[in-house]
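Below are the chains, spelled out letter by letter.
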Amino acid sequence: MSSGGNHSAVLDRYRNTCVIGAGVIGASWAALFLAHGLNVVVNDPQPNIEDVVRTMLAKAAPTLKALGLPHEGLEKNLRFEADLEHAVAGVDLIQENGPENPEWKQKLWARVEPALPKHALLLSSSSARPATEQGKLMKDASRLLVGHPFNPPHLIPLVEVVPGDHTSPDATADAVAFYEAIGKVPRVLKKEIQGFVANRLQRAIMREACYLVQEGVVTVDELDDIVTSSIGLRWAVNGPFSSFHMGGGPKGLESFFQHLGKNMAVSFKIIPQVELDEKLQRTIIDQAAVSFGRTPIPQMERKRDDSQLAILHALADVDAQQGGRS
Ligand SMILES: NC(=O)c1ccc[n+]([C@@H]2O[C@H](COP(=O)([O-])OP(=O)(O)OC[C@H]3O[C@@H](n4cnc5c(N)ncnc54)[C@H](O)[C@@H]3O)[C@@H](O)[C@H]2O)c1
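What counts and what doesn't
- The residue count restarts for each chain, going from 1 along the sequence in the order it is written.
- A pLDDT threshold of at least 70 governs which residues receive local features in this predicted model, and a stricter bar of 80 or more applies before side-chain atom pairs are shown or counted, although totals over entire chains, interfaces and linings include all residues.
- Note: two strands are recorded as paired if DSSP finds a minimum of 2 bridges between them.
- The secondary structure listing takes helices from DSSP runs of H or I that are at least 4 residues long and strands from runs of E that are at least 2 residues long, numbered from the N terminus.
- Note on geometry: axes are lines fitted to C-alpha atoms, helical ones only across the stretch in contact, with angles between N-to-C directions running from 0 to 180 degrees.
- For the exposure call, what matters is how many other C-beta atoms sit within 10 Å of a residue's own: 20 or more marks it buried, 12 or fewer exposed, and in between partly exposed, using C-beta atoms placed from the backbone.
- For each residue, a C-beta position is placed from the backbone atoms; the residue is near a molecule or strand when that point lies within 6 Å of it.
- Note on residue categories: nonpolar means Ala, Val, Leu, Ile, Met, Phe, Trp, Tyr, Cys or Pro, charged means Asp, Glu, Lys or Arg, and polar means any other residue, Gly included.

Peer 1: Account for the sheet that holds strand 3 (residues 78-80), naming residues and giving values.
Peer 2: The sheet built from 8 strands is open, its strands ordered 3-2-1-4-5-6-7-8 with mixed pairing. On the outer flanks of this sheet lie strand 3 and strand 8 (185-188), each paired with one strand and no other. The average undirected angle you get between the axes of adjacent strands in this sheet is 25°. Here strand 5 (residues 121-124) pairs with strand 6 (residues 144-149) via 3 bridges, running parallel. The partner of L122 across the bridge, within strand 6, is L144.

This is the structure we're talking about:
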């Protein structure tokens, strides 16, 4: 499924957007939508929501600039509307980023449904709640699906597009086209699964990382350092399967499984027990406090974004030289 290329025509279809819930994720989406010239109505009951979103716009500006996007005067297309029905009236697209609570999301979609134009695309940023569950109280959930970003959505390319049982194929194609038009890398999941794909992978790695700290094998900063100087660097270029394909020798995965498959199969069955109880949480927090935790988070975030931009630009340069990613 692909946008068919004409991004500005796609964006014309979704000129009027509503961002419901503008915390960490929603404010970042708002910044990206505005940078692509879309009108954004923010609906969020937080009393200081205007400050939250404006602070995010300022914080995102250097990243948007580095992405080659407009980053000044974005507020001219931004509006705040506390009344939900008014906020969604006449919109072409909703990106929902409210509390991760299934009942709340179900009630929200049932409530906005009568106020929406038929063509409106309904996208939820939810990290784990599938569209089939979210749309349970709707009369027609054919335009509802999950568009799960990675934080911060204005920078990280991936969006997991996860249709529910009632999502129409057209809505899925529309979501893919929309996310491509705003520079994202949408990937459609063939089935709904709790936690989707990227977070399931993160969770599996986090479980092992906590185990290694629990057992005193490494400290949290040592573990992070091991990741960033090995698999983190590798995985920005090749995923686990293509990495091991190259690691297998001339016959790729076939020889990889011949040599290492048996041992890997045994190790898959040994899942070490991790008690992420208060004691382990405290160990992790205390170890972080005397290492990377000494750096203020906004400073860490700026370095994270600059470094990730540098990686994205370097990868784009290699692609341009070598004719696309293999
Ligand atoms: N934080 C992440 O890394 C991340 C990544 C991907 C997806 N998500 C998903 O995005 C969604 C939002 O997560 P977040 O981290 O931005 O949370 P957050 O707590 O930062 O933001 C949630 C926002 O929803 C607002 N809100 C509360 N009640 C509301 C209501 N009735 N109407 C409108 N807005 C309301 C809150 O005021 C707050 O600003 C969740 O579904 C989460 O699973 C989070």
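Peer 1: Pulling in residues and values, what's your account of the pairing of strand 4 (residues 93-96)?
Peer 2: Here strand 4 shows two buried faces, one formed by L93 and Q95 and the other by I94 and E96. Across 4 bridges, strand 1 (residues 16-20) lies against strand 4 in parallel orientation. Following the sheet pairing, V19 is matched in strand 4 by Q95. The pairing of strand 4 with strand 5 spans 4 bridges and is parallel.

Peer 1: Report on the site of the ligand, specifying residues and quantitative values.
Peer 2: Taken together, 21 residues surround the ligand, and among them G21, G23, I25, S127 and N151 come closest. For the shell around the ligand, the elements supplying multiple residues, two or more each, are helix 2 (24-35) and strand 6. The element best represented in the shell around the ligand is helix 2, accounting for 3 residues. Looking at the shell around the ligand residue by residue, the class counts come to 7 nonpolar, 12 polar and 2 charged.

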